[in-house]
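Coordinate inspection notes
Read off the chains here:
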Amino acid sequence: MKHPFGAFCLIFAAHAALAQGTYDITNSLVIRNYDCTLTRLCAVMPMPESNIYQDIEQFRTTDGDIFRAANNDNMYLRTMRTGTLPAPGDSLVITERFSATLYPMRIDMAQFTTIYPYDTSSELYKRYTSPIGSYVDIVHPDIVRAADSLWNEAVANPLEYARLCYEHVAARLGYLNPDTGIHAITETMAAGGGDCGNISAVYASLLRRKGVPARLVVTVRPDGTHHVWNDFFLERYGWVPVDVTMKHDHPDGDFFGYCAGDGIVMSFDLCSELSADGLTPFTADLLQTFFYWYRCSAGSEVSAAQRVDGRRTDNGFSVSVRAGADGKMAVEWSSAAGATGYRLSVSDSGTGRDVVTQTLGSDCTSCTFDGLQTERTYDVHVTPLRRYDNIVADMASCTAGIRL
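Small disclaimer: the values here were computed from a predicted structure and weren't measured. (Residues numbered from 1 in each chain as written. Predicted model: local features only at pLDDT ≥ 70, side-chain atom pairs only at ≥ 80, totals over all residues. Heavy atoms only, no water.)

The pairing of strand S23 (residues 341–348) with strand S26 (residues 377–388) spans eight bridges and is classified as antiparallel. Bridge assignment links Ser347 to a residue of S26, and that residue is Asp379. Alignment of S26 against strand S28 (residues 398–403), held across six bridges, turns out to be antiparallel. The partner of Tyr378 across the bridge, within S28, is Ile402. (Pairing = 2+ DSSP bridges. Helix = DSSP H or I, 4+ residues; strand = E, 2+ residues; numbered from the N terminus.)

As for its position among the elements, Asn72 is in the loop between strand S6 (65–68) and strand S7 (75–81). For Asn72, a relative accessible area of 10% corresponds to the buried category. Of the polar contacts made by the side chain of Asn72, one reaches the backbone nitrogen of Asn74; its length is 3.0 Å. Within polar-contact distance, the side chain of Asn72 engages the side chain of Ser272 at 3.1 Å. Each residue touching Asn72, except ones within four places of it in the same chain, is listed here: Arg127, Leu270, Cys271 and Ser272. (Buried < 20%, exposed > 50% of the residue type's maximum accessible area, 1.4 Å probe, protein only. Polar contact = N/O pair within 3.5 Å; in protein donor to acceptor, adjacent residues only side chain to side chain. Contact = heavy atoms within 4.5 Å.)

We now examine the pattern of salt bridges. One pass over the structure, following the stated rule, counts 19 salt bridges. Note that Arg68 is salt-bridged to Glu49, the shortest N-O span being 3.5 Å. Taken together, the residues Arg68 in strand S6 and Glu49 in the loop between strand S4 (37–47) and strand S5 (54–61) connect sequence positions 19 residues apart. For Asp63, the salt bridge goes to Arg81, with nearest N and O atoms at 2.6 Å. Of the two residues, Asp63 sits in the loop between S5 and S6 while Arg81 sits in strand S7, which places them 18 residues apart along the sequence. (Salt bridge = Lys/Arg side-chain N within 4 Å of Asp/Glu carboxyl O.)

Before going further, it helps to examine the sheet that holds strand S3 (residues 21–33). The antiparallel open sheet is built from four strands, whose spatial order is S5-S8-S3-S20. On the outer flanks of this sheet lie S5 and strand S20 (302–312), each paired with one strand and no other. Going from strand to strand, the sheet's axes swing by 20° on average, the running direction of each strand aside. For S5 and strand S8 (residues 91–102), the ladder comprises six bridges, and the chain directions are antiparallel. Looking at the pairing, Asp55 lines up with Thr101 of S8. (Axes fitted to C-alpha atoms, helices over the stretch in contact; angles between N-to-C directions.)

Right, let's talk about the layout of surface pockets for a bit. In this structure, the largest pocket spans a volume of roughly 510 Å³. Residue lining of the largest pocket: 30 residues in total, with Asp73, Asn74, Arg127, Tyr128 and Phe268 positioned closest to the centre. For the lining of the largest pocket, the residue count by class is 14 nonpolar, eight polar and eight charged. The space that makes up the second largest pocket amounts to roughly 270 Å³. Looking at the second largest pocket, it is lined by 17 residues, and the ones nearest its centre are Asp179, Gly181, His226, Leu286 and Gln288. Elements that contribute at least two residues to the lining of the second largest pocket include exactly helix H5 (196–209) and strand S13 (226–234). Grouping the constituent residues of the lining of the second largest pocket by class yields six nonpolar, eight polar and three charged. (1 Å grid on protein atoms, 1.4 Å probe; cavity = no way out; pocket = protein on both sides within 12 Å on 5 of 7 lines; lining within 4 Å. Points joined across faces, edges and corners; volume = space filled by probe spheres on them. Nonpolar A, V, L, I, M, F, W, Y, C, P; charged D, E, K, R; others polar.)

Let us now look at the packing of helix H3 (residues 158–172) against H5. At a closest axis distance of 10 Å, the pairing of H3 and H5 adopts a crossing angle of 145°. As H3 packs across H5, the resulting crossing turns out to be right-handed. Along its contact with H3, which presents Tyr161, Ala162, Cys165, Tyr166, His168 and Val169, the element H5 presents Ile199, Val202, Tyr203, Leu206 and Leu207. Tallied by class, the residues present in the contact of H3 with H5 amount to ten nonpolar, one polar and no charged. (Left-handed = near helix turned anticlockwise from the far one by under 90°.)

Next up, the structure:
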């Protein structure tokens, strides 16, 4: 008897260019003492946690203790030494090591069929609609003016307002002064733009002005570069990602409801209240990399630098197809980390039209289709799905083509 998938014609297998991935991360703070006689040394580094964008496992550190910020949920590692300090010419290296699985997301807004009123008494609502010093400023005249106009255009619909604000900020603010830190909204507006963190702060200001909860998502990529995007909250659904900077860089793209899945979330929002020594409070405007302090009885020069080494430990998400006789096709794919299901679609390569679409559970890694036309070329798209809160997001899909 002939094996139904023994006759192969033209077969392609493909890997997703951008996909959920797992990395071994080494995040190091190198404090170099050039000429000081040190008497005290304190350092603070953010500690990443698992959330909707990532799973953090096997966290370990060479030094320090873990604490939570006094005013929010951000965690940080604090190292404090009065002894065993680096001598002149020596360095102290404080290292965080962990495994990070990062999840890209693209959200279909059609799933939000009803926009519910916010619970204005909730802690979430109060926190994420409040101003944050001069950084998230809901009374700046430019913010007030733009918010009033866009809110009226959106007919007071929070989802439509969030989209209009995304398009407004991307169109009117330039990408300027990268890696110069977070600035007051007054400075950003006067300059006509800022880097990703400052652009995100403007977006959050616009949303909070009209009572739409919004926050900044502060990240470090596995290659050591930095990025910040936004979330806004929809009642009874959850947090929705928005990357205004990507829209600025790629005007033809749509990054509303989008997260690239390439950044390790170090903290949410701004102005985390920390302590350098367990007694003295300190406000970290942007908890993304590190802060350090020292005292010395002689000398004057100490420096610090961050070094991030990320090594991918998985092979990525991939799909393969096999052709069989009589219009049969077998599809197999690798299991995608974090997936709660998969959506398969088969389209005619010539017309681009979908022939069949099917949604399967997270335990499925293969599927068979029959009744397809022979002597035709088909594209098979497999998209991992990730459900969190009451939102379903598409993760990075993978495509394979075949001629039957």
